[in-house]
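Topology and contacts: notes
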Amino acid sequence: MIGDRRSGLTFCRMLGGILVFAAGSLGGGSDAQAISPAAADALYRRALSTQSPDSIRALVSTLKEALPGHTAPAKLLTQIGLLYMRIVETDSALSNFQRAVRQDPGLAVAKCGLGRAYLELKGDAKRALPHLKAAVEADSTNPDAHYLLAQAYLKLGKPEARREADRAIRYDLKYAPAYLLLAQAYQKEDNPRMAVLYYKKYLELLPRDQTPAYEFALDLLNRGRVKEAEEVASLMTDNRGMPVLAQILMRQGDYDRAMPAFQLYIDSLDPKEQDLYRDISLVGLPQEVEDYKVTSAEKQETFLRVFWLKRDMFKATGGAMRRAEHCRRVWYARAFYGQKKWPWDRRGEVYIRYGEPDYRSTYEQPNAKTSAKVQRVQDALAVQLYGPSGLGTTFVGPVFPIRTDGGRYMEAPEDFQKQLTSQARLDNAPDNITGTLPAVEEEQNTPGFTPNPVNGVQLDAEYAIGLRRWKPIVVGNNWAVVPWEVWIYTDLGKGLEVAFTDEQRNGIYDFAPIPSPDPEDLAKMDNDKYAGQTAYLRLTQRLTELAPAIRVARVAEKEPERFILPDFEPLDFSYEAISFRGKGGLTEVQVNIGIPVDNVALPGEADTTVLVDRRVALMNPRYTRLLPAQQDLEIPISRRTRGQGFLDRVDLEVPPGDYELAVQARRRNTGRIQSYEKSLTLPSYAGNKLGLSDLFIARQVAAVSDTSDPKFRRGAWRITPLPSHAFRAGEHVFVYFEIYNLAQDASGATRYEMAYQVRAAGAEGVSRSLPEAKAVDRTGETVSLRYERTGTQASVSDYVELDIGQAAPGSYAVRMTVKDLNGGHEVTKESAFWITGREQAAGKRP
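Residues numbered from 1 in each chain as written. Predicted model: local features only at pLDDT ≥ 70, side-chain atom pairs only at ≥ 80, totals over all residues. Heavy atoms only, no water.

**Things to note about the sheet that holds strand 11 (residues 626–637)**
Pairing is mixed in the open sheet, where five strands are placed in the order 7-14-13-10-11. In this open sheet, the two strands that pair with only one neighbour each are strand 7 (569–570) and strand 11. Where strand 10 (residues 608–619) and strand 13 (residues 657–667) come together, eight bridges link them in antiparallel fashion. Its bridge partner lying in strand 13, A617 is registered against A662. (Pairing = 2+ DSSP bridges. Helix = DSSP H or I, 4+ residues; strand = E, 2+ residues; numbered from the N terminus.)

**Considerations on the packing of helix 9 (residues 176–188) against helix 10 (residues 192–205)**
It is the contact of helix 9 with helix 10, at a shortest axis distance of 8 Å, that shows an interaxial angle of 160 degrees. In this view, helix 9 runs roughly antiparallel relative to helix 10, as classed from their interaxial angle. As helix 9 packs across helix 10, the resulting crossing turns out to be left-handed. Here A176, P177, Y179, L180, L182, A183, Q184, Y186 and Q187 of helix 9 lie close against helix 10, whose contacting residues are M194, A195, Y198, Y199, K201, Y202 and L205. Residue composition of the contact of helix 9 with helix 10, by class: 13 nonpolar, two polar and one charged. (Axes fitted to C-alpha atoms, helices over the stretch in contact; angles between N-to-C directions. Parallel < 35°, antiparallel > 145°, perpendicular 65-115°, else oblique. Left-handed = near helix turned anticlockwise from the far one by under 90°. Contact = heavy atoms within 4.5 Å. Nonpolar A, V, L, I, M, F, W, Y, C, P; charged D, E, K, R; others polar.)

**What about the sheet that holds strand 1 (residues 359–362)?**
With antiparallel pairing, the four strands of this open sheet are ordered in space as 1-4-5-6. The open sheet has two edge strands, strand 1 and strand 6 (510–511), and neither has a second partner. Packed onto the sheet, helix 24 (residues 548–558) meets strand 5 (496–501) and strand 6 and runs at close to 135 degrees relative to strand 5.

**Remarks on helix 13 (residues 241–251)**
Within helix 13, nine of the eleven residues are buried, leaving the element largely enclosed by the surrounding structure. For helix 13, the complete set of buried residues consists of G241, P243, V244, L245, A246, Q247, I248, L249 and M250. In this structure, the buried residues of helix 13 make contact with helix 11 (211–222), helix 12 (226–235), helix 14 (255–267) and helix 18 (320–337). Once helix 13 ends, the next one or two residues include G253, with phi positive near 80 degrees. (Buried < 20%, exposed > 50% of the residue type's maximum accessible area, 1.4 Å probe, protein only.)

**A short note on the packing of aromatic side chains**
The full count for this structure, using the stated rule, is 29 aromatic pairs. Seen in terms of ring centroids, Y332 and Y351 are 4.5 Å apart; in terms of plane orientation they differ by 15 degrees. Their pairing is stacked. Residue Y332 is found in helix 18, and its partner Y351 is found in helix 19 (residues 346–354); the two are separated by 19 residues along the sequence. When its relative accessible area of 17% is taken as the criterion, Y332 is described as buried. Judged by its relative accessible area of 1%, Y351 is buried. On the numbers, 6.2 Å between centres and 75 degrees between planes, the contact of Y351 with W487 is edge-to-face. Of the two residues, Y351 is situated in helix 19 and W487 in strand 4 (residues 484–489); the sequence distance between them amounts to 136 residues. Here Y351 and W487 have matching classes, each one buried. Among the aromatic residues, ring-to-ring pairing joins W331, Y332, F336, Y337, Y351, W487, F500 and F511 into one connected group. (Phe/Tyr/Trp six-rings, centres within 6.5 Å; stacked < 30°, edge-to-face > 60°.)

Shown next as structure tokens:
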């Protein structure tokens, strides 16, 4: 308390013209009459500059000696009161301010000091108010008095707070605390636009004090005000702003930029704390953790990239999504659960593993609102612990019993019992309830009070498990003697409740301990129908099996970590991957993507052009090799483009083998995103063996012209992809292909036979031929499904146009077989397409 976060509000200025900072020596005599007013002022200045409470007390004692005969005793008493405030001696500060006011009722600074003492030391804004008003009346030009009055109004929720802060700025345009107060006032009024303006001004005046802006950015982020949070965080030069910016980017789905932001922050930390972000002991499987421990330092980053890529549901980001979420959790654990214990208490450990719980309740903010899934978890645990009597009970804290004093309440927020009981009655009331609910009792703060049943069943918590001092927290009964917190994960271990308690009341939480009986409990067991020892053993076994530490350890063996995707809107699109012969023995993969414009556009959106972040990544099965391709696509949205698809193409070249393909599209600055994954086995087209590319199902194939889009050219052909492979009934199906390594005879001629078969999947999944299917060549001449060709090139590219008539809607397969009549070899490839109804858009994925 010796320092003041208001950075410069020392209240020297409050003394105004009364305080004279005289130069000169202090004098050396101990006689009270020898301490002149100038010397007293010098002593006061010295006390303001020291940080030692003992030194301040010694200087205060000397100043007191100067009171007799001092020409301005009220001023000196005020100085003494301000020094007592610095060392947080509340009563002494108040006493000296009150004496000063009595000696000089018109001294504004004394009234201001008295109001400040009530406000800051006592936390009593109501009692501070009249003194601060009097200070303003005595000196209306003092910005300190207006600022403190504004602080009191703000704490009391009065609208006059902004008025007084404005007046402080009127008398001192560089008065930083008033700008901060205005920012906080607007923040309290949920006006982030104005709050940002005043935080910006405050940081301009006091750039070193970035804590208020940091806390504001976190508050905005937690309330989903991403744009404003980004604006505040961008004002910060403190590296603490980096994790905030990273989380803003994560909310926007921009994980590629979020990870570098986290990395900048991590790099600014000391090595010990940096290691926390690289540690995988809480989230890895045992073998992975051991492998990481023996990995050399220079290879650890490669190990981590593979580790997080395996766990990322959006692999086209290269693992950035899951890794950024892990960094966020570690940062959160350090920020909120690491103040009292390095690096965090037990809550931090669970948070890093499993992230945000589905339900959270604390002794300070009990939560009676639960979803049906959470209630099922509570009921299941209650039945295991308390038998059928546990069903129907409204739990607002741990179901698992925690330490109590046998019936007395722990101190809780005002009206805790009344608020919870009323809320629970309403939350659990049937939809068709008639009449009135039972009135809430007025004397609910009476120790040991048990409310009426909330929904027909009241848990007999007094002897629910046979232990007097261990009980669950139910509505109306907050009898815990230790701070508690409970989290519920509905999808872990068939539902997991994790109860934490602060047994030492030092701010460090651990798993709620296993209850133990006291002598009275043991005596009661001896009197039960079961033998005391048997009853105790059964009770101990039941509590041990269901204890939070045991249950978390059991779940962590199979599920060491949990990752739930953020709330995204699906951005449905289609894609296909086609392999061709590449250069230098490589295989070329052409990935065609079709994005329906209607899926990108927002409802009611006017004509505009939006950016879609398109990503393609090809990975080997061990994820040690990643070939990414990213581009921001500019997609026009207008009346003309609606109902159409936007086409894109990506070419990759890799060695033949097994791969995983990830394709992702995300509209920037929205939650619309979609990712697909597919396993690929890419054949080798190298050597002299007869080869046939994958069949490229297309909307149209034609000869290249001067106006052809270069993106969709392949050799001499312009190919319009249809990645969905979905055609309307009556449309022709184009099939493009490439043949490699045809054998040439002595004259250099090639001769080969081609055959097509189009099949429809029957009701039993059996294929049947379509007799109406026929092939149409480039001149429009109809040819048979099996025909012979000759040429002079060892490798050819060609297409066939299939007219399948009025085929019924459904899925179809086209098989192509090429037989080299010179070499005697044969190769076959197959692909699929769909026929949709005429009313369905062919550009959409079925």
